[in-house]
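Listed below, chain by chain, are the residues.
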Amino acid sequence: MVKYGERRLDHTFAALSDPTRRAMLARLRKGEATVGELAKPFRISLPAVSKHLGVLERAGLVERKRDGRTHRCRLRAAPLAEASLWIDHYRVFWEGTLERLGGFLEQTGKDQK
Amino acid sequence: MPDVITEQHVLELKQTYPYAPDRVFDAMTRPEQLMKWFGPAGYETVEAEVDLRGGGRYRIVMRKVPDGAPFSVGGVYQEVVPNERLQFTWRWNGSHDEGIETLVTMEFHGQGGATELVLRHERFPTSDMRDRHNTGWSSVLDRLAEHCNTLKQGASQ
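Everything numeric here is computed off the predicted structure, so don't read it as measured data.

Calculation rules
Residues numbered from 1 in each chain as written. Chains lettered and ligands numbered in written order. Predicted model: local features only at pLDDT ≥ 70, side-chain atom pairs only at ≥ 80, totals over all residues. Heavy atoms only, no water. Helix = DSSP H or I, 4+ residues; strand = E, 2+ residues; numbered from the N terminus. Buried < 20%, exposed > 50% of the residue type's maximum accessible area, 1.4 Å probe, protein only. Contact = heavy atoms within 4.5 Å. Areas by Shrake-Rupley, 256 points an atom, 1.4 Å probe, with all protein chains shown as cover. Core = buried A, V, L, I, M, F, W, Y, C linked by side-chain atoms within 4.5 Å. Pairing = 2+ DSSP bridges. Axes fitted to C-alpha atoms, helices over the stretch in contact; angles between N-to-C directions. Buried area = accessible area lost by both parts, 1.4 Å probe. Salt bridge = Lys/Arg side-chain N within 4 Å of Asp/Glu carboxyl O. Polar contact = N/O pair within 3.5 Å; in protein donor to acceptor, adjacent residues only side chain to side chain. Phe/Tyr/Trp six-rings, centres within 6.5 Å; stacked < 30°, edge-to-face > 60°.

Concerning the overall build of chain B
Helix and strand counts for chain B stand at four helices and seven strands. N-terminal to C-terminal, the α/β element order of chain B is β-α-α-β-β-β-β-β-β-α-α. Burial statistics for chain B: of 157 residues in total, 41% are counted as buried. Put simply, of all contacts in chain B between residues at least 6 apart along the chain, 37% involve residues at least 24 apart. Surface summary for chain B: the accessible area is close to 8200 Å², and the carbon and sulfur share equals 50%.

Right, here's the structure in full:
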């Protein structure tokens, strides 16, 4: 069976558990951004943005590079792909299982009539 | 090639069944019914045990039809609201994600004789939370708090 690197997955999902961080990742998917550009849509302080970026960095989702007086942030997609695969595995399991539930309910529904 | 790059952090699925919530809830929680349907296509459930209450355990043993090696999933119910809501930990033994505790939440929404089942499957945000849920710790604490409240009310009357 495939092992997904549990630690990395834990860090990835912990990073993804916050909606602000998810929104930052969505923005970075469209391309690099400075910390300032990332902060713009959110009514939170730059230190708070930096804190979120720290979580994303430790999860290996974002890479920061100094660019003059600011930092440019770049998405590293590999952990996201792993998280997606993890979710997809359960999606396949549950979709099949819930479909069989439908068949069962229909069968016992008929039997009761 | 599918775009697997997404900020998705939980699995969420919805499925509607043309039966009342109690039928769907029973199918999901009664061992004799689980035995008849639980598992994806190509698998069968060979054992099901359910202790349906907060802090109670469940265990489901499955195998690939016709003679795959059995593997199991089990966990602790965090929340049981009959015909409305279930939340339970989920841990495989002998299969993918061996030993990792995750969390499943099911909501049964009645809509005029039909039921919309909303399922969420997620990892715990921290391993602390995971350890607490594993032993039904939060439900034990809840019951203890409730008990103390009852004692206090009794004493002041």
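From this point, the discussion proceeds with the structure in view.
What to know about the nonpolar core
One broad rule of soluble globular proteins: the nonpolar side chains tend to lie buried together. Counting 58 residues, the largest nonpolar core has W94 and L101 of chain A together with W90 and M106 of chain B as its most contacted members. Counting residues per element, this core draws most heavily on helix 5 (residues 78–111) of chain A, at eleven residues. Discounting residues that sit within four places of it in the chain, L101 of chain A has contacts with Y17, V24, A27, M28, W37 and L117 of chain B.

Quick look at the sheet that holds strand 1 (residues 33–34) of chain A
All names here are of chain A. Read across the open sheet, the three strands follow the order 1-3-2; overall the sheet is antiparallel. The open sheet is flanked by strand 1 and strand 2 (62–67), the only strands paired with a single partner. Where helix 2 (residues 19–29) meets the sheet, it contacts strand 1, strand 2 and strand 3 (70–75), and its direction lies at approximately 85° from that of strand 3. With respect to the sheet, helix 4 (residues 46–58) is in contact with strand 2 and strand 3, its orientation differing from that of strand 2 by roughly 125°.

Some points on the pairing of strand 6 (residues 102–111) of chain B
Residue and element names in this part refer to chain B. Two elements, strand 5 (residues 85–93) and strand 6, share six bridges in a ladder whose sense is antiparallel. Looking at the pairing, R85 lines up with E107 of strand 6. As judged from the ten bridges shared by strand 6 and strand 7 (residues 114–123), these two strands associate in the antiparallel manner. Note that in strand 7 the partner of F108 across the bridge is L117. Connecting strand 6 to the next strand, strand 7, in antiparallel fashion are two residues, including G112 with a positive phi near 50°.

Describing the interface of chain A and chain B
Between chain A and chain B, the contact holds 38 residues from the first and 43 residues from the second. Surface buried jointly by chain A and chain B totals about 3900 Å² across both partners, of which 65% is contributed by carbon and sulfur atoms. Counting every contact that joins chain A to chain B gives one salt bridge. One salt bridge in this structure joins D10 of chain A and R123 of chain B, with 2.7 Å as the shortest N-O distance. Linking chain A with chain B are eleven residue pairs in polar contact (both at pLDDT 80 or more).

Here's the deal with unusual backbone geometry
Residue and element names in this part refer to chain B. Cis geometry marks the peptide bond from V65 to P66; its omega dihedral reads 0°. Its place among the elements puts P66 in the loop between strand 3 (57–64) and strand 4 (71–81). One non-glycine residue with positive phi stands out, namely N83, at about 65°. Position of N83 relative to the elements: it lies in the loop between strand 4 and strand 5. On the accessibility criterion, N83 (30% relative accessible area) is partly exposed.

Considering the sheet that holds strand 5 of chain B
All names here are of chain B. Strand order in this open sheet of seven strands is 1-7-6-5-4-3-2, and the pairing throughout is antiparallel. Edge strands, defined here as strands with exactly one partner in the open sheet, are strand 1 (11–17) and strand 2 (43–50). Pairwise comparison of adjacent strand axes, ignoring direction, gives a mean angle of 20° for this sheet. Examined bridge by bridge, strand 1 and strand 7 share seven bridges and lie antiparallel to one another.

Regarding the packing of aromatic side chains
A complete count under the given rule lists 18 aromatic pairs over all chains for this structure. Summarising the aromatic geometry, the rings of F93 of chain A and W90 of chain B are spaced 5.6 Å apart at their centres and angled 65° between planes, so their arrangement reads as edge-to-face. One end of the pair, F93 of chain A, is in helix 5; the other, W90 of chain B, is in strand 5, on a second chain. A relative accessible area of 8% places F93 of chain A in the buried class. Its relative accessible area of 1% is what places W90 of chain B among the buried residues. When the centroid spacing of 5.7 Å and the interplanar angle of 70° are considered together, the rings of Y77 of chain B and F88 of chain B count as edge-to-face. Residue Y77 of chain B is located in strand 4, and its partner F88 of chain B is located in strand 5; the two are separated by eleven residues in the primary sequence. Given the relative accessible area of 6%, F88 of chain B is considered buried. Put simply, the rings of F93 and W94 of chain A together with W37, F38, Y43, Y58, F71, Y77, F88, W90 and W92 of chain B touch in pairs and so form one group of aromatic residues.

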